[in-house]
Amino acid sequence: MNFIIRRVMSGDFRIMKRIMYTAVYVIGTVLFILATYFVTSHRYEDDKSINNLLAHPIEKPRTNENHLVGISESPITNVLLEKYNDFEVKSRLLREKIKMIQSNSVERPPYMAGDTLVALNRSTKNIHIFYSDPVQWYKPFNTSIVRDPSATIEINELNSVFYPMLGVYTTTNKILEHHLNNIKRLGINVIILTWKPSANIPGESVDLLKNILNLVKKYFDCEIQVALEIDSFPGRTVESIRNILTLLHREYLWSHPALYRVQVNSKNALLPMIYVREAYQISDEEWFKIFSVRGIGSIRNTIYDAVFIGHVSSKKHTSLIRRGLFDGFYTRLASNGATFTSTWKNWEQLKKTADKYNLLFIPTVGPGYNEKMKEPKFGGLRRHRSNGQYYGVAWRTAFAISAQFISISSYNDWPSGTQIEEAIPYPGCKDYQPTGPRKYLELTRYYVDEFIKWKEIGTVGGASDCNQFWNNTIC
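Student: Describe the pattern of salt bridges, and please don't skip the residues or the numbers.
Tutor: Applying the stated rule across the entire model yields 15 salt bridges. In the salt-bridge network here, residues are joined through shared partners; they are Lys-267, Arg-300, Asp-305 and Asp-327.

Student: An account of the packing of helix α7 (residues 238-250) against helix α8 (residues 284-291) is needed here, citing residue identities and associated values.
Tutor: In the contact formed by α7 and α8, the axes pass within 9 Å of each other and the chain directions differ by 35°. As for how α7 packs across α8, the hand of that crossing is right-handed. For the pair formed by α7 and α8, the contact residues are Val-238, Glu-239 and Ile-241 on the first element and Glu-286, Trp-287 and Ile-290 on the second. Along the lines of polarity and charge, the residues of the contact of α7 with α8 split into 4 nonpolar, no polar and 2 charged.

Student: Any chance you could break down the packing of aromatic side chains for me, citing the residues and the numbers?
Tutor: Scanning the entire structure with this criterion turns up 24 aromatic pairs. Ring centres of Phe-329 and Phe-361 lie 5.3 Å apart, and the angle between their planes is 40°; this geometry places the pair in the tilted category. Remark: Phe-361 occurs in strand β10 (residues 360-362) and Phe-329 occurs in strand β9 (residues 328-330); sequence separation between them is 32 residues. The same class applies to Phe-329 as to Phe-361, namely buried. Here the aromatic cluster, defined as three or more aromatic residues joined through ring pairs, consists of Phe-162, Tyr-391, Trp-395, Phe-399, Tyr-432, Tyr-440, Tyr-446, Tyr-447, Phe-451 and Trp-454. It is Lys-439 that lies over the ring of Tyr-440; its NZ or CZ is 5.9 Å from the centre. Directly above the ring of Trp-454 sits Lys-455, whose terminal nitrogen or CZ lies 5.1 Å from the centroid.

Student: Explain the side chain of Gln-225 residue by residue, including any values.
Tutor: Mapped onto the elements, Gln-225 comes out in strand β5 (residues 225-230). At a separation of 3.2 Å, a polar atom in the side chain of Gln-225 contacts the side chain of Lys-125. Aside from chain neighbours lying at most four places away, what touches Gln-225 is Lys-125, Asn-189, Val-190, Ile-191, Pro-257, Ala-258, Leu-259, Tyr-260 and Arg-261.

Here is what the cut-offs are and how they apply
Residues numbered from 1 in each chain as written. Predicted model: local features only at pLDDT ≥ 70, side-chain atom pairs only at ≥ 80, totals over all residues. Heavy atoms only, no water. Salt bridge = Lys/Arg side-chain N within 4 Å of Asp/Glu carboxyl O. Axes fitted to C-alpha atoms, helices over the stretch in contact; angles between N-to-C directions. Helix = DSSP H or I, 4+ residues; strand = E, 2+ residues; numbered from the N terminus. Left-handed = near helix turned anticlockwise from the far one by under 90°. Contact = heavy atoms within 4.5 Å. Nonpolar A, V, L, I, M, F, W, Y, C, P; charged D, E, K, R; others polar. Phe/Tyr/Trp six-rings, centres within 6.5 Å; stacked < 30°, edge-to-face > 60°. Buried < 20%, exposed > 50% of the residue type's maximum accessible area, 1.4 Å probe, protein only. Lys NZ or Arg CZ within 6 Å of the ring centre and 35° of its normal. Polar contact = N/O pair within 3.5 Å; in protein donor to acceptor, adjacent residues only side chain to side chain.

The following block contains the structure:
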């Protein structure tokens, strides 16, 4: 010690540096130990071991038949947006992983039986929700086996960042009935089924559509109806669109009672509403051929006539819709800011354009957007749900522009991450905690109720102009 003191007094800075480094190291170590002790004692004070950790599972929020998970009994104050608790989510996933390891099981955790969504006591056909059948759960890719370069094996990765309460399901009649029951309880009477003819087996896609329409008629007596969205496919032309309408008519689907129709006052007729996805892929001159009464091969005022709503993504697409003589347009993408039409602040301008030319504008709202397997485009599509806040802003924006119709993306489009269907905690996946698996069903039910009340109040004494008609009626 005396030697060290003499060296310091003599101005030996090397020994002074060593002393300082040693002191800093010792102090840092002590602070780290104290911080670790504080965190573990604070967060896991009741968990003395793994077995004790498993003995304290997270309790499910209490429910009864008149009280939904995470929703207060007041219809106005039930959208209380909780702050996301990262620690609670991670600790819950840790407990579930430990359970799976100890049980040597990869099955999804069972969910409490008998828990159902309370139905809204009124409904509307002015809110439409996109429905996927089938759901593309996996995107396979191949990897070579070293011992045999010519052989390949298929590796499937879940094509969703969330995990469904019903598991990775195939849409059987029982599953479809469950889905439609949920949609009915939300007060929504119209689903939008994305559909296109099968290239390999033409009758296959027709049979799928026919099955859904028949089930809707059988189980719901057509209280829920199906609107078609004609999907984009290679080689799609206006002639192929006309052929699709002919096919639907020939298969007796055009007159099916479960096919959604809207009252068109200008034609004094009840016509099907058909959505056309990516309508901008075909020029307005081509659309004019079938949508103008003077066009070559026109379907107007024929048995194939309908209300055609075109999908748009940019401002110039609205001109295509107008010149092509569509009856309206919709935004489809639930990613705010990704495109001009999906951006909420532009909806007011789009609504004014639609009103000016006597067109329908149907904005699309969604709880978020999170595609797992697709490369980012338009500067990135991912939009975080923000525990329900993102969904709420979209709805309120649609209310603010006095939207006559609203579409929801989606009920079960799990690959795009826009689903409102029940999701549960699962290792490696996101969930709706801390509110519960039916969080977005309940939020949807709330906003549907608000929409109905708002429209009923706004149309008391009759609509002031044709763009404010209510009860499934348009100009």
